[in-house]
Amino acid sequence: MANQIIVNAKAEKSTINRMIYGHFAEHLGRCIYDGFYVGEDSRIPNVRGMRTDIIEALKKIKIPCLRWPGGCFADEYHWRDGIGPKESRPSMVNTHWGGVVENNHFGTHEFFDLCEMLDTEPYICGNVGSGTVQEMSEWIEYMTFDGQSPMADLRKKNGREKPWRLKYFGIGNENWGCGGRMRAEYYADEVTRYNLYARNYGDNKLYRIGAGPRGANYKWTEVMMRDASMFLDAIALHYYTRVGDKVIIEYLPDGNERYLRDNSKSRKSATDFDEDQWFGVMKAAAFTDELVSKHIAIMDQYDPEKKVALIVDEWGTWFDNEPGTNPGFLYQQNTLRDAVSAGISLNIFNNHADRIHMTNIAQTINVLQAMVLTEGEKMILTPTYHIYDMYKVHQDAKLLDFAVLSDDYECGTENLKQINASVSKDSLGNINATLVNLDPNQMAEVTCHIADFGMISKVNGTVLTSGAMNTMNTFEHPDQIQPEEFEDFVIEGNTIHIKMPSKSVVLLTVKR
Ligand code: AHR
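Residues numbered from 1 in each chain as written. Predicted model: local features only at pLDDT ≥ 70, side-chain atom pairs only at ≥ 80, totals over all residues. Heavy atoms only, no water.

Focus on the pattern of salt bridges
Enumeration over the complete set of coordinates arrives at 33 salt bridges. The partner of Asp-227 in a salt bridge is Arg-226, and the shortest N-O contact between them spans 2.8 Å. Classification of Asp-227 as partly exposed rests on a relative accessible area of 28%. Between Lys-392 and Asp-389 there is a salt bridge; the shortest N-O distance is 2.7 Å. Under the relative-accessibility criterion, Asp-389 is labelled buried at 14%. Residues participating in the shared-partner salt-bridge network are Asp-300, Asp-303, Lys-306, Asp-354 and Arg-355. (Salt bridge = Lys/Arg side-chain N within 4 Å of Asp/Glu carboxyl O. Buried < 20%, exposed > 50% of the residue type's maximum accessible area, 1.4 Å probe, protein only.)

Here it is in structure tokens:
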């Protein structure tokens, strides 16, 4: 069988919310300190402490929103420690992440400053696990109240006269785990209570995000939809792409868990892996489709009009930390395998754009599946960064109706569909298709028919691929893998015959 993609150019579906291309930055390892923020006295070029090379790189991929300050850190963060003169801010111990001392030099004012530099929407996650309703409520007042009030006055005293605009606000993080080890029923009550005091001040309207499930914990979604969704704009799923054994696909009634595949004996290196471990990651990324579909099916029962969004505010690959680095810092390298798995996941998120309104890959710099890695003044762009650069064409575009017929990619006794895609129409009427061939050995011949579009006049192609599954950029060789022009296709009327290299992601921009 040959691979085929059939697109109906007139069948526009939902808008692909640009927030699907969002990011996450936690006070974890070297994401904030020694990542975004090097301090004003650093010899590394910076503006008010923020690295200029990083700002430039991230502006290029148009990051639409940034989630902060955690993660697990958020449920131990006390915002008052991060305001006022830096020299008088108290230090704390970052117990979750390496037990290092956090000096609070990057706090609320610095975060909004960073978002303004990046031209991105701030998304703040409040502390439910170890904070109080009053603390969260006063943080919102501090940030958004325009007028005279105790918190607004404190903000002005700290140098910010006008309130900030804040839309996205998370009421807790992983409250089934590091955010308080709560039962779903208990958290549903807590999120309702905290939410009540998370006020909208003036015309600043919060978009309220409740902590959602871990992976396949469908019961959590059910309880949240039943008991709390009427007060929320979204619930936030977390799902990490791992080699296999940590990917839970079912919570069994006897308290045990069922995994996507058994990789318990294999290493989980980010860079040193064989085809079986490549397959494990592809399978875990492809499982995202089943996972979100099942959560969405539950949401549909309670909310058929799709008023409450599913957001995925933590996702991405999670491997062993790089040898020689602090295990609590979650620093991992990033290869073609990460890029291909990101391509798969983003295609899936686009294709569920009617319910998924935001996602935030973890985490932007030096942590997990990062866009950027730094070493002193050196900075490299990861293969995953290049996927975000290629896929930015989908931001706020119209998802088109399409079907994919795919050959199988076989590995041992298992198989996956060899190709997957998402297709959208931009504001100029051009069609952008992002195609993934996840087979590391076989190229894919793909025939793409575009109905109701007329004669195709021009197609621009870009490809990200490499000869080896684990090609990466390093500080010594920063440009080993980057997007290249792609011309291995032939246009015939309204059909494009494409020859995709093995293990590749291709962007085609189709013009009339
Ligand atoms: O992204 C790293 C951690 O993973 C986050 O702090 C937590 O929310 C999740 O378990």
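Side note on the nonpolar core
Generally speaking, nonpolar side chains in soluble globular proteins are found buried as a group. With 125 residues, the main nonpolar core has Phe-36, Leu-58, Ile-124, Met-143, Phe-169, Met-224 and Val-340 as its most contacted residues. Here this core gets twelve residues from one element, more than from any other, and that element is helix 7 (residues 275-302). Contact partners of Ile-124, with chain neighbours within four places excluded, come to Trp-68, Phe-111, Phe-112, Trp-139, Met-143, Leu-166, Tyr-168, Phe-169 and Gly-170. Core analysis: the next-biggest nonpolar cluster, separate from the first, contains 27 residues, Ala-9, Ile-456, Phe-486 and Val-506 among them. (Core = buried A, V, L, I, M, F, W, Y, C linked by side-chain atoms within 4.5 Å. Helix = DSSP H or I, 4+ residues; strand = E, 2+ residues; numbered from the N terminus. Contact = heavy atoms within 4.5 Å.)

Description of the packing of helix 8 (residues 336-351) against helix 9 (residues 383-391)
One way to put it is that helix 8 packs onto helix 9 with a least axis distance of 7 Å and a crossing angle of 35 degrees. The handedness of the crossing between helix 8 and helix 9 comes out as right-handed. Contact residues: helix 8 offers Leu-336, Asp-338, Ala-339, Ala-342, Gly-343, Leu-346 and Asn-347, while helix 9 offers Pro-383, Thr-384, Ile-387, Tyr-388 and Tyr-391. Residue composition of the contact of helix 8 with helix 9, grouped by class: eight nonpolar, three polar and one charged. (Axes fitted to C-alpha atoms, helices over the stretch in contact; angles between N-to-C directions. Left-handed = near helix turned anticlockwise from the far one by under 90°. Nonpolar A, V, L, I, M, F, W, Y, C, P; charged D, E, K, R; others polar.)

What to know about the packing of aromatic side chains
For any two aromatic rings, the description comes down to two numbers: the centre-to-centre distance and the angle of the planes. The final tally for this structure, using the stated rule, is 22 aromatic pairs. Residues Tyr-37 and Phe-106 carry aromatic rings whose centres are separated by 5.6 Å and whose planes lie at 70 degrees to one another, so their mutual orientation is edge-to-face. Remark: Phe-106 occurs in the loop between strand 7 (100-102) and helix 2 (108-118) and Tyr-37 occurs in the loop between strand 2 (22-24) and strand 3 (46-47); sequence separation between them is 69 residues. In this structure, Tyr-37 and Phe-106 share a single accessibility class: buried. A centroid spacing of 5.2 Å and a plane angle of 85 degrees characterise the contact between Phe-145 and Tyr-201, whose relative ring orientation is edge-to-face. Of the two residues, Phe-145 is situated in the loop between helix 3 (133-144) and helix 4 (150-157) and Tyr-201 in the loop between helix 5 (184-196) and strand 10 (207-214); the sequence distance between them amounts to 56 residues. Among the aromatic side chains, those forming a connected cluster through ring pairs are Tyr-33, Tyr-37, Trp-68, Phe-73, Tyr-77, Trp-79, Phe-106, Phe-111, Phe-112, Trp-139, Tyr-142 and Trp-164. (Phe/Tyr/Trp six-rings, centres within 6.5 Å; stacked < 30°, edge-to-face > 60°.)

Observations concerning the state of the cysteines
Under the counting rule described, the total for this entry stands at one disulfide. Cysteine Cys-31 remains unbridged, with the sulfur of Cys-115 as its closest cysteine sulfur at 12 Å. On the accessibility criterion, Cys-31 (0% relative accessible area) is buried. (Disulfide = S-S within 2.5 Å.)

Observations concerning the sheet that holds strand 10
Paired through backbone hydrogen bonds, the strands of a sheet run either parallel or antiparallel to each other. What the eight strands build is a closed barrel, ordered 2-5-8-9-10-11-14-15; its pairing is parallel. Taken pair by pair, the neighbouring strands of this sheet meet at an average axis angle of 30 degrees, ignoring direction. Sheet topology places strand 8 (residues 121-126) next to strand 9 (residues 168-171); four bridges connect them, and they run parallel. From the neighbouring strand, Ile-124 faces strand 9, where its bridge partner is Phe-169. Packed onto the sheet, helix 2 meets strand 5 (65-68) and strand 8 and runs at close to 150 degrees relative to strand 8. (Pairing = 2+ DSSP bridges.)

Describing the sheet that holds strand 21 (residues 419-425)
Taken in spatial order, the ten strands line up as 25-24-28-22-21-18-1-23-27-26 in an open sheet, and their pairing is mixed. In this open sheet, the two edge strands, each paired with only one partner strand, are strand 25 (484-485) and strand 26 (489-492). On top of the sheet, helix 8 reaches strand 18 (398-405), strand 21, strand 22 (431-437), strand 24 (458-464) and strand 28 (504-511); it is set at about 50 degrees to strand 21, its chief contact. Helix 9 contacts strand 22, strand 24 and strand 28 of the sheet and is inclined by roughly 165 degrees relative to strand 24.

Here we look at helix 1 (residues 52-60)
Every buried residue of helix 1 is listed here: Ile-54, Ile-55, Ala-57 and Leu-58. In a view along the axis of helix 1, the buried residues occupy a sector of 165 degrees, so they form one face of it. Where helix 1 is buried, its residues meet strand 4 (50-51), helix 2, strand 16 (372-375), strand 17 (378-381) and helix 9. At the C-terminal side of helix 1, Lys-62 shows a positive phi close to 55 degrees. (Arc of directions from axis to C-beta.)

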